[in-house]
2 protein chains.
Amino acid sequence: MTMDFASTPIWAVLAGLVGLAFAFYFASSVLKESPGNARMQEISLAIQEGAMAFLNRQYKTLIPFVIIIFLILTFLKGWQTAVSFLVGALLSAVAGYVGMGITTRANARTTEAARTSLNKALGVSFRAGAVMGLSVNGLGLIGVAALFLWFQDAETINSFAFGASAIALFARVGGGIYTKAADVGADLVGKVEAGIPEDDPRNPAVIADNVGDNVGDTAGMGADLFESYAATTIAAMLIGAVAFKSLGGGVSGLMLPLMIGIAGILSSIIASFFVRTGENANPQTALNKGLWGTNLLTAIASYAIVQLMITEPVHVSESLTLTANNIFIAIVCGLVVNILIGLLTEYYTSNQKAPAQAIAKASETGAATNIIQGLATGMKSTALPVVVICVATYVSFAAAGIFGIAMAAMAMLSTAGMVVAIDSFGPVADNAGGIAEMADLDPSVRKTTDKLDSVGNTTAAVAKGFAIGSAALTALALFNAYSELAHLDRIDILVPTTIIGLFIGAALPFLFSAFAMEAVGKAAFEMIGEVRRQFREIPGLMEGKAKPDYRACVDISTKAAIRQMIVPGLLAIGSPILVGFLLGKDALGGMLAGGTVSGLLMAIFMANAGGAWDNAKKYVEAGNLGGKGTPTHAAAVIGDTVGDPFKDTAGPSLNALIKVMGTISLIIAPLLI
Amino acid sequence: MTMDFASTPIWAVLAGLVGLAFAFYFASSVLKESPGNARMQEISLAIQEGAMAFLNRQYKTLIPFVIIIFLILTFLKGWQTAVSFLVGALLSAVAGYVGMGITTRANARTTEAARTSLNKALGVSFRAGAVMGLSVNGLGLIGVAALFLWFQDAETINSFAFGASAIALFARVGGGIYTKAADVGADLVGKVEAGIPEDDPRNPAVIADNVGDNVGDTAGMGADLFESYAATTIAAMLIGAVAFKSLGGGVSGLMLPLMIGIAGILSSIIASFFVRTGENANPQTALNKGLWGTNLLTAIASYAIVQLMITEPVHVSESLTLTANNIFIAIVCGLVVNILIGLLTEYYTSNQKAPAQAIAKASETGAATNIIQGLATGMKSTALPVVVICVATYVSFAAAGIFGIAMAAMAMLSTAGMVVAIDSFGPVADNAGGIAEMADLDPSVRKTTDKLDSVGNTTAAVAKGFAIGSAALTALALFNAYSELAHLDRIDILVPTTIIGLFIGAALPFLFSAFAMEAVGKAAFEMIGEVRRQFREIPGLMEGKAKPDYRACVDISTKAAIRQMIVPGLLAIGSPILVGFLLGKDALGGMLAGGTVSGLLMAIFMANAGGAWDNAKKYVEAGNLGGKGTPTHAAAVIGDTVGDPFKDTAGPSLNALIKVMGTISLIIAPLLI
């Protein structure tokens, strides 16, 4: 028999509130720091305003869309489903506002802290990231648990995940387009044509570029992992309920994912206090302590939880017995994937390692060989992560069946608070460096922020790997939950409609990536025109006597991103509905599998190729192979520019794509029976 | 009841012999033409020798591998299976030798003919291509039919297809590496560094480059379609036998694919006489007449065949009745795919159309935007071909069940004779232009051959589309045949091992493409070193007083191609065996589906991106957007260079990859039960 943990959702809400309380504590400790001199405050304010303007515009654009879906859901599935959807969309937006509100205020404060101490600067920027991390994690846990307390049904609340994923989709696509349009525009005209350094205040696109770091990496990643967290928790609850239901119980299966969620958020909070560094130490070590600490604490807590909740073996079927130890094995699988994917991502993208250096080397024979080598590296880098995910799937299934796969995903996602924290820290450090530059501070400040920024690049790569790997596991959990809700006891790819679904699902990531990349191209084109216009028409700009019109550039990025996110967004949401109703539930099952597989591969390919190109360029800029100003460097810059929309727009958008396909399929599944 | 066409294999052998007779007739008519002056003969001889040296070396390298598999098959599955394998490998090699023997002899003869008449030059080059086409088609049909007559069992002879696919795999990979290493080497050092024109006899890599056109496009494509032809025919026979077996008959189902094969080869022969052009007309029209004529004649003949063979409706199951008209619908689906994929490929790659022109336009802002636009175009171009294949699959299945899908594939492949002919015509025309240049003939000759060459680029794109589309349909047919032989009545992707297979299968094309692209990089690197060495060390070379050492460059391409083809080849053949025996037959089924889906998408992506980059460059070179010598042109050249290994090495190799995965799975299927 299993113990009955019926009050778990209440504890989960409480744990979520504890998370939010710490987010509040970190936020106020950040805001207490000095925001620096007037110039620094002015720049920081411009970034804040730009970021908020984008968020406002983005969410405003989505309001009619959210209302329409709300009405459709009310009509088709009842008000409970519609309310869950609305809450998911709202909480995702709230997490975005709260997190961005702090990270964009922390940038100048980090710069100011960097004037005195590396550890202090790390503290400010990491705590700002932790606000985002704990908001995402806390609101996710509270949302799922509170809705479950209210409606007492995991199937009803899965539209919470759909709400979160709809927002995430647009946040990823829109944020991705924004950040790269601004980045490419600022670099191509400012650095290349006008020959002024990065983050130079004379560059009209410099504020837009700094805003882009926030809306792309912070808000986009936050919404992405908020969605993964919500979707995985609910899918694991659904699968758990079914796995244990044959025994008349089902409560342990429902509650176990929430308990792991509680373990994860508390572990993240505790481990966030491990993050501190010496003045001459590498801040990477400090962040590693936070990340590894979270995983270790979660593992220990999970062991206690499964022992407590599953006191006797549960015989699910003839071949499968769930024991505490078996479920713990599945949980460990998720945590191991967490760490291995991070290490693999770092290997393929770090400028200390062979792959990026080979790309740098290939730049010696020109841009073409640089591109070929980068594409080959990205493609090659898909193999090992896929093997890791396959082994984890195999082992967790062997240990605890489909529920094991869901628990592996849940364990991985339970650490999301810390992952978002170390990811959001990156843009803060990046912005801090920009502000040091723009405010003309002593070069030693920039040196300190650069240390943090370079660590931020690694943590961004690790978080990207986490986002992709967890998206794949989430999608697998959604896929299995879909089969339950659609009453499919098999999804047979010998049935032609299933294989047609597989083909269409696999083609979507290609089409979606194409749209995203073209959108960046178009938006960057507008940006380039505007920056050139300002250099040409504003007298005294280059001499530093006149100020550029930052707001015009911010506006262009914002408008272009909002406009260009619509078509891919509708494509992602419309396709599963079309396939489901036209070709049936088998075809939709095939589509989910095809989309997950091809989306995972394309996402890894693009993220790692982009990261490797970026670091190959940095490797050359560090003085290798001739260093800056050589043809080798010029070739490496071309690779880096190609990699930008790869790694920051198209790649991350695919995570959102495969998950939104899954969550929308869960919603329509009962209608297809 | 259905009529009994038990003697069909004899007719098929006869039809194949008729094909070979016409190949012989075309060959002697080509050889009767004047080979031109001494200089032209000398160059042509060098190309012949280079091509033959590569084929000899390649096949010699494969001998131990063929012997080992022969012994394993004898031991595991009996001598009949082993002999079928051997015959498949041998006939593929024979088709390669015969076809290449003629195309490399036809080049100088085409140049000579171009001195007097466009129509005559078209005649010589097209008839040379037709020798290759009819050899591939005739030997394929004879091989299948004769082995069936001997062993009377479709399952035994499927190792004929495996033999063909093993050779095709190495031919595609090796040929692809050869041609691009030579091309990149010749271009980078000759055109860019030394500033001499393309096909200049002072370039040491010029002969290797011309040899490459033959071994890549002619031998590679020939082996590829020989394999598709064999695999599809046998898979259709297997599926047909099962579909009709429930009625105690099965002969119609077995024989119908062979009858369509007979219709196809005879149609190709007849339509080859439609290929003639006026002096001022576009030779494209002449080749279109050949291609469309073949499709039309095949359709008409197929209609007669199904009416003759299926005189009464055959009730296969409650929901499926096979009638003559239903099967004819499936056949038409295959022929329509044929034409639509060709048109789509042309749309996405032609320099007359928007996609390639948008890439050219993007080159104005540099290489990075050119690359981004090209990648986006390639990704986007996957959608419509996938829709075409899905619709064809859906309609042919709705009309005639799984057998309908197999017959659609068979109908498409039945036109392979003509497709290979118009494809192989391209390298002949290309070589003819090179010879005109190297032999210093009047520019008017080059103008005539250029007309043919530009048509050759289009027909190459069409053939590439055909090769990819038919590979996908072949893979689907193999996949269904596999499920029959492995006694799988379902392949359920809710089973975790199946989805693991799906993941691994989908990852293979990424890994395989990475290997192929890196191999080109390494081989090109050696080639660049050698060409630079010769320019440096051979006195009087640049002044035209001394001759370069062509043979050294030919040797480098040959050795590098042979060496680099081994690892990807073993990966392709080893993976299905490993997955099948370690994870079981469901996982192998998932792997085939994953490999087919992802391989198709990657193949279309890479082929079309490469084609579009190539033509974007040609668009600029035609004088648009500033024309040659501008930064725009330089950017377009970089895109073209990136596209080379995409479209001519990695992309085409994926066709071979997905088919060899299928044929090897058929072999091991009975061992997995």
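Looking at an unreviewed UniProt entry, chain A carries the name Putative K(+)-stimulated pyrophosphate-energized sodium pump, with the source organism given as Desulfitobacterium hafniense. The UniProt entry for chain A carries the following text under Subunit (unreviewed entry): "Homodimer."

Turning our attention to empty space enclosed by the protein. All names here are of chain A. Within the structure shown, the criterion is met by 15 cavities of 30 Å³ or more. Estimated volume of the largest cavity: approximately 90 Å³. Taken together, 13 residues make up the lining of the largest cavity; nearest its centre are Arg172, Gly216, Asp217, Asp648 and Pro652. Elements supplying a minimum of two residues to the lining of the largest cavity: α5 (158-194), α6 (206-245), α14 (443-485) and α18 (631-668). The element best represented in the lining of the largest cavity is α5, accounting for 4 residues. A breakdown of the residues in the lining of the largest cavity according to their chemical character gives 3 nonpolar, 4 polar and 6 charged.

The next thing to look at is the environment of Thr558 of chain B. Residues and elements named next belong to chain B. Within the element layout of this structure, Thr558 appears in helix α16 (residues 550-583). Its relative accessible area of 2% is what places Thr558 among the buried residues. Sequence separation between Thr558 and Gly50 is 508 residues; the distance between their C-alpha atoms is 8.7 Å. Apart from the residues within four sequence positions on either side, Thr558 is in contact with Phe54, Arg57 and Tyr178. Of the polar contacts made by the side chain of Thr558, one reaches the backbone oxygen of Val554; its length is 2.7 Å.

Our next topic: unusual backbone geometry. Residue and element names in this part refer to chain A. For His487, which is not glycine, the phi dihedral falls at a positive 55°. As for its position among the elements, His487 is in the loop between α14 and α15 (496-537). For His487, a relative accessible area of 57% translates into the label exposed.

Now for the packing of aromatic side chains. Enumeration over the complete set of coordinates arrives at 36 aromatic pairs over all chains. Pairing Trp613 of chain A with Phe646 of chain A gives two aromatic rings, centres 5.8 Å apart and planes at 70°, and the pair type is edge-to-face. Here Phe646 of chain A lies in helix α18 and Trp613 of chain A lies in helix α17 (residues 585-621), a separation of 33 residues in the sequence. An identical accessibility class is assigned to Trp613 of chain A and Phe646 of chain A; each is buried. Ring geometry for Phe22 of chain B versus Tyr25 of chain B: centroids 6.3 Å apart, planes at 85°, classification edge-to-face. A residue pair is termed a helical-turn pair when its members lie 3 or 4 positions apart in one helix, as Phe22 of chain B and Tyr25 of chain B do in helix α1 (residues 8-32) at 3 residues. Taking relative accessible area as the criterion, Phe22 of chain B reaches 26% and is therefore assigned partly exposed. Residue class for Tyr25 of chain B comes out partly exposed when judged on its relative accessible area of 45%.

On to the relation of the copies chain B and chain A. Between the two copies, chain B and chain A, the superposition gives an RMSD of 0.0 Å; the rotation angle is 180° and the shift along the axis is 0.0 Å. Between the two chains, the operation in question is that of a two-fold axis. Among all residues of chain B, the minimum C-alpha distance to the rotation axis is found for Asp492 of chain B, at 2.2 Å. Comparing contact sets, 100% of the residues at the interface of chain B also lie at the interface in chain A, consistent with an isologous, same-surface contact.

Once that is clear, we can look at the interface of chain B and chain A. Each partner contributes to the interface: chain B provides 61 residues, whereas chain A provides 61 residues. Each partner contributes to the roughly 5,700 Å² buried at the junction of chain B and chain A, and carbon and sulfur atoms together form 86% of this total. Seen at the junction of chain B and chain A, the total is 2 salt bridges. For the interface between chain B and chain A, the tally reads 8 residue pairs in polar contact (both at pLDDT 80 or more). Elements with a minimum of two residues in the side of chain B that touches chain A: α11 (367-380), α12 (383-414), α14 (443-485), α15 (496-537), α17 (585-621) and α18 (631-672) of chain B. Ranked by residues supplied to the side of chain B that touches chain A, first place goes to α15 of chain B with 16 residues. In terms of residue class, the side of chain B that touches chain A is built from 45 nonpolar, 11 polar and 5 charged.

With that out of the way, let us pick up the confidence of the model for chain A. With 99% of its residues at a pLDDT of 70 or more, chain A has an overall mean of 92. Overall fold confidence (pTM) sits at 0.95, and the ipTM for the predicted complex is 0.94.

Let us look at the nonpolar core. In globular proteins that are soluble, nonpolar side chains generally tend to be buried together. Ile327, Leu375 and Phe646 of chain A together with Ile327, Leu375 and Phe646 of chain B are the most contacted members of the largest nonpolar core, which totals 509 residues. Each residue touching Ile327 of chain B, except ones within four places of it in the same chain, is listed here: Phe244, Leu256, Val306, Ile310, Leu322, Ala400, Phe403 and Met407 of chain B.

The next thing to look at is the side chain of Ser302 of chain A. Residue and element names in this part refer to chain A. As for its placement among the helices and strands, Ser302 is situated in helix α8 (residues 283-309). A polar contact of 2.6 Å, which involves the side chain of Ser302, links it to the backbone oxygen of Thr298. When sequence neighbours within four positions are dropped, the list of residues in contact with Ser302 reads Ile260, Phe328 and Ile331.

Attention now moves to the environment of Thr298 of chain A. All names here are of chain A. Tracing the sequence through the fold places Thr298 in helix α8. Taking the C-alpha atoms as reference points, Thr298 and Ala360, 62 residues apart in sequence, are found 39 Å from one another. Aside from chain neighbours lying at most four places away, what touches Thr298 is Ala263, Gly264, Ser267, Leu335, Ser414 and Thr415. At 2.6 Å, the side chain of Thr298 and the backbone oxygen of Thr294 are in polar contact.

Glancing now at helix α3 (residues 79-114) of chain A. Taking 1.5 Å of rise per residue, 36 residues should cover 52 Å, and α3 of chain A covers 51 Å from first to last C-alpha, within 8% of that figure. Of all 36 residues in α3 of chain A, 26 are buried; the element is thus mostly enclosed.

On to the environment of Ala506 of chain A, then. With respect to the helices and strands, the residue Ala506 of chain A is situated in helix α15. Residue Ala506 of chain A is classed as buried on the basis of its relative accessible area of 1%. A sequence separation of 96 residues divides Ala506 of chain A from Met602 of chain A, and the C-alpha atoms of the two residues are 9.9 Å apart. Once residues lying within four places of it in the same chain are set aside, the contact partners of Ala506 of chain A are Gly594, Gly595 and Ser598 of chain A together with Val597 and Leu601 of chain B.

All names here are of chain A. Scanning the model with the defined rule gives 54 salt bridges over all chains in all. One salt bridge connects Glu49 with Arg551, and the closest N-O pair in it is separated by 3.7 Å. Taken together, the positions of Glu49 in helix α2 (residues 38-77) and Arg551 in helix α16 (residues 550-583) put the pair 502 residues apart, joining distant regions of the chain. In this structure, Lys659 engages Asp224 in a salt bridge whose closest nitrogen and oxygen atoms are separated by 2.4 Å. Remark: Asp224 occurs in helix α6 and Lys659 occurs in helix α18; sequence separation between them is 435 residues.

The rules behind each value
- Residues numbered from 1 in each chain as written.
- Chains lettered and ligands numbered in written order.
- Predicted model: local features only at pLDDT ≥ 70, side-chain atom pairs only at ≥ 80, totals over all residues.
- Heavy atoms only, no water.
- UniProt positions renumbered as here; feature names shortened; annotations may be inferred.
- 1 Å grid on protein atoms, 1.4 Å probe; cavity = no way out; pocket = protein on both sides within 12 Å on 5 of 7 lines; lining within 4 Å.
- Points joined across faces, edges and corners; volume = space filled by probe spheres on them.
- Helix = DSSP H or I, 4+ residues; strand = E, 2+ residues; numbered from the N terminus.
- Nonpolar A, V, L, I, M, F, W, Y, C, P; charged D, E, K, R; others polar.
- Buried < 20%, exposed > 50% of the residue type's maximum accessible area, 1.4 Å probe, protein only.
- Contact = heavy atoms within 4.5 Å.
- Polar contact = N/O pair within 3.5 Å; in protein donor to acceptor, adjacent residues only side chain to side chain.
- Phe/Tyr/Trp six-rings, centres within 6.5 Å; stacked < 30°, edge-to-face > 60°.
- Least-squares fit on C-alpha atoms with pLDDT ≥ 70 in both.
- Buried area = accessible area lost by both parts, 1.4 Å probe.
- Salt bridge = Lys/Arg side-chain N within 4 Å of Asp/Glu carboxyl O.
- pLDDT = per-residue confidence, 0-100.
- Core = buried A, V, L, I, M, F, W, Y, C linked by side-chain atoms within 4.5 Å.
- Expected span 1.5 Å × (residues − 1).

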